[in-house]
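Report on the structure
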Amino acid sequence: MKNILIPTDFSENSRNAIKYAQEYFSDIPVNFYLLHVSPNKPSEIREPAQPFESESQQVIDSPVTQLLEEIKICKSLTLNPLHIFFSIYENISLVESIRKQLVEKEIDYILMGTRGASNIARTDIGSNTSEVITKVKCPVLVIPPQAKFKGVKNIAFPTNYNCIYKNRVVSTLFETLKLQNAALRILHIKSSGQNLNQEQVDNKNFIQDFLKETKHSFHILENNNIEMGIQDFVETWEIDMIAIVAKNLNIIQRLLFNPMDKTVSYHNEIPFLVMHE
């Protein structure tokens, strides 16, 4: 049984992320925890015997009511009877609440959208995603607004081969490949005339060794623009997901949220799996 935490601000993007999560984990048992944080009094909602009923617009629009409505929608969409849904409502910061839930609920993955609601009264999930990636040591599936689950056949893994990845990264990659029966496409983007040094060659051989029993391939692109290199690779290899390690946070911020090249579109369509060592 997997435990998946999904922060929500009730925006279209967060609802799309929830839908993606249900389809992504469609074949396995999952506890889904929907989390909303706000300045109001915290409480945890678990399958009430009676639904909320009130004539008050304030009650109708309350986060508790909205969370219960989200649960109702999730139940109507899931095709797996082993998908169980819980709602959590707290008035502490998003990062603080997520850290708390990681321990209490033994969370395996966090799943978030990249953009939040424009309503200033709501938590801006988009602005908080990078903070969660930075401050919370848990795999994060980042779902952009236009992402639609159509299966995951090819996962791109950009790397500069400058380090040996630790067991936690390797195990997350293995689990993802197995769950989706996907192939890993390891991508090295280099400048013209740049070659791997001996340390990089050794690290590449290490990756090749631990992938020997999985579907994979190695690729080299010459492009001084990393975003355009990834865009070309996504289109050429029909990439369904991009896996990256939360090591160079500046690169992650650039790739996911603020590409310097405004012509790229992958960050609006392709989910990112951000892994921690």
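Residues numbered from 1 in each chain as written. Predicted model: local features only at pLDDT ≥ 70, side-chain atom pairs only at ≥ 80, totals over all residues. Heavy atoms only, no water.

Bringing the overall build of the protein chain into the picture now. Per the secondary structure count, the protein chain includes 10 helices and 11 strands. Nonlocal contacts in the protein chain, meaning residues at least 24 apart in sequence, comprise 82% of its contacts between residues at least 6 apart. For the protein chain, the accessible surface area stands at approximately 13800 Å², while carbon and sulfur atoms represent 49% of it. (Helix = DSSP H or I, 4+ residues; strand = E, 2+ residues; numbered from the N terminus. Contact = heavy atoms within 4.5 Å. Areas by Shrake-Rupley, 256 points an atom, 1.4 Å probe, with all protein chains shown as cover.)

Here we come to the nonpolar core. Judged by nonpolar contacts, the single largest core of 45 residues is most densely connected at Phe25, Phe32, Leu111 and Phe157. Non-local contacts of phenylalanine 25, meaning those with residues more than four positions away in its chain, are made with Ile4, Val30, Phe32, His83, Tyr109, Leu111, Leu141 and Leu179. Judged by nonpolar contacts, the second largest core, of 37 residues, contains Leu94, Val95, Met112 and Leu256. (Core = buried A, V, L, I, M, F, W, Y, C linked by side-chain atoms within 4.5 Å. Buried < 20%, exposed > 50% of the residue type's maximum accessible area, 1.4 Å probe, protein only.)

Here helix α1 (residues 12-24) is 13 residues long and its end C-alpha atoms lie 18 Å apart, about the 18 Å a rise of 1.5 Å per residue gives. Along α1, the residues classified as buried are Asn13, Ser14, Asn16, Ala17, Ile18, Tyr20, Ala21, Gln22 and Tyr24. (Expected span 1.5 Å × (residues − 1).)

This part takes up the confidence of the model for the protein chain. For the protein chain, per-residue confidence averages 85 on the pLDDT scale, and residues scoring 70 or more make up 87% of the total. Per-element averaging of pLDDT across the protein chain places strand β3 (residues 43-45) at the bottom with 48 and strand β1 (residues 2-7) at the top with 97. Contacts for the low-pLDDT stretch residues 46-58, under 50 throughout, to residues beyond four places or in other chains number 12 contacts. Confidence over residues 117-125 falls short of pLDDT 50; this stretch has 17 contacts with residues more than four positions distant or in other chains. (pLDDT = per-residue confidence, 0-100.)

What follows is about the pattern of salt bridges. Inspection of the entire model under this criterion finds 10 salt bridges. Close ionic contact of glutamate 175 with lysine 2 constitutes a salt bridge, the shortest N to O distance being 2.5 Å. Of this pair, glutamate 175 sits in helix α6 (residues 167-180) while lysine 2 sits in strand β1, placing them 173 residues apart in sequence. Lysine 190 is paired through a salt bridge with glutamate 222; the nearest N and O atoms lie 3.8 Å apart. With a gap of 32 residues between them, lysine 190 in strand β8 (residues 183-190) and glutamate 222 in strand β9 (residues 216-222) connect regions that are remote in the sequence. Judged by its relative accessible area of 13%, lysine 190 is buried. It is possible to trace a salt-bridge network through shared partners that takes in Glu12, Arg15 and Glu70. (Salt bridge = Lys/Arg side-chain N within 4 Å of Asp/Glu carboxyl O.)

The subject of this paragraph is unusual backbone geometry. The phi dihedral of tyrosine 161 is positive, around 60°, even though this residue is not glycine. Structurally, tyrosine 161 can be placed in the loop between β7 (154-158) and α6. Overall, the relative accessible area of 2% leaves tyrosine 161 in the buried class. Residues other than glycine seldom take positive phi values, yet asparagine 181 does so here, at roughly 50°. The topology assignment puts asparagine 181 in the loop between α6 and β8.

Another aspect to go through is the pairing of β7. In the case of a regular strand, side chains alternate between the two sheet surfaces. The buried fraction of β7 amounts to 5 of the 5 residues, a majority that puts the element mostly inside the structure. Inspection of the sheet shows β7 paired to β8 by 5 bridges, in the parallel sense. When the sheet's bridge partners are listed, proline 158 is paired in β8 with leucine 187. Regarding topology, α6 serves as the crossover connection from β7 to the parallel β8, and that connection is right-handed. Alignment of β7 against strand β10 (residues 241-245), held across 2 bridges, turns out to be parallel. What sits directly across from alanine 156, in β10, is isoleucine 242. (Pairing = 2+ DSSP bridges. Right-handed = clockwise from strand over helix to strand, strands pointing away.)

With that out of the way, let us pick up the packing of aromatic side chains. One pass over the full model with this rule turns up 12 aromatic pairs. Between tyrosine 20 and tyrosine 24, the aromatic rings sit 6.1 Å apart at their centres with planes inclined by 20°, giving stacked as the arrangement. Taken together, the residues tyrosine 20 and tyrosine 24, both in helix α1 and 4 residues apart, mark about one turn of the helix. Measuring from ring centre to ring centre gives 5.8 Å for phenylalanine 174 and phenylalanine 210, while their planes differ by 70°; the resulting arrangement is edge-to-face. Highlighted residues: phenylalanine 174 in helix α6 and phenylalanine 210 in helix α7 (residues 198-210), separated in sequence by 36 residues. Classification of phenylalanine 210 by relative accessible area gives buried; the value is 15%. (Phe/Tyr/Trp six-rings, centres within 6.5 Å; stacked < 30°, edge-to-face > 60°.)

All right, on to the pairing of strand β6 (residues 140-143) then. On β6, burial covers both faces: Val140 and Val142 on one face and Leu141 and Ile143 on the other are all buried. As paired elements, strand β5 (residues 109-113) and β6 share 4 bridges and run parallel to each other. Its bridge partner lying in β6, leucine 111 is registered against leucine 141. Direction of pairing for β6 relative to strand β11 (residues 272-275): antiparallel, over a ladder of 3 bridges. When the sheet's bridge partners are listed, valine 142 is paired in β11 with phenylalanine 272.

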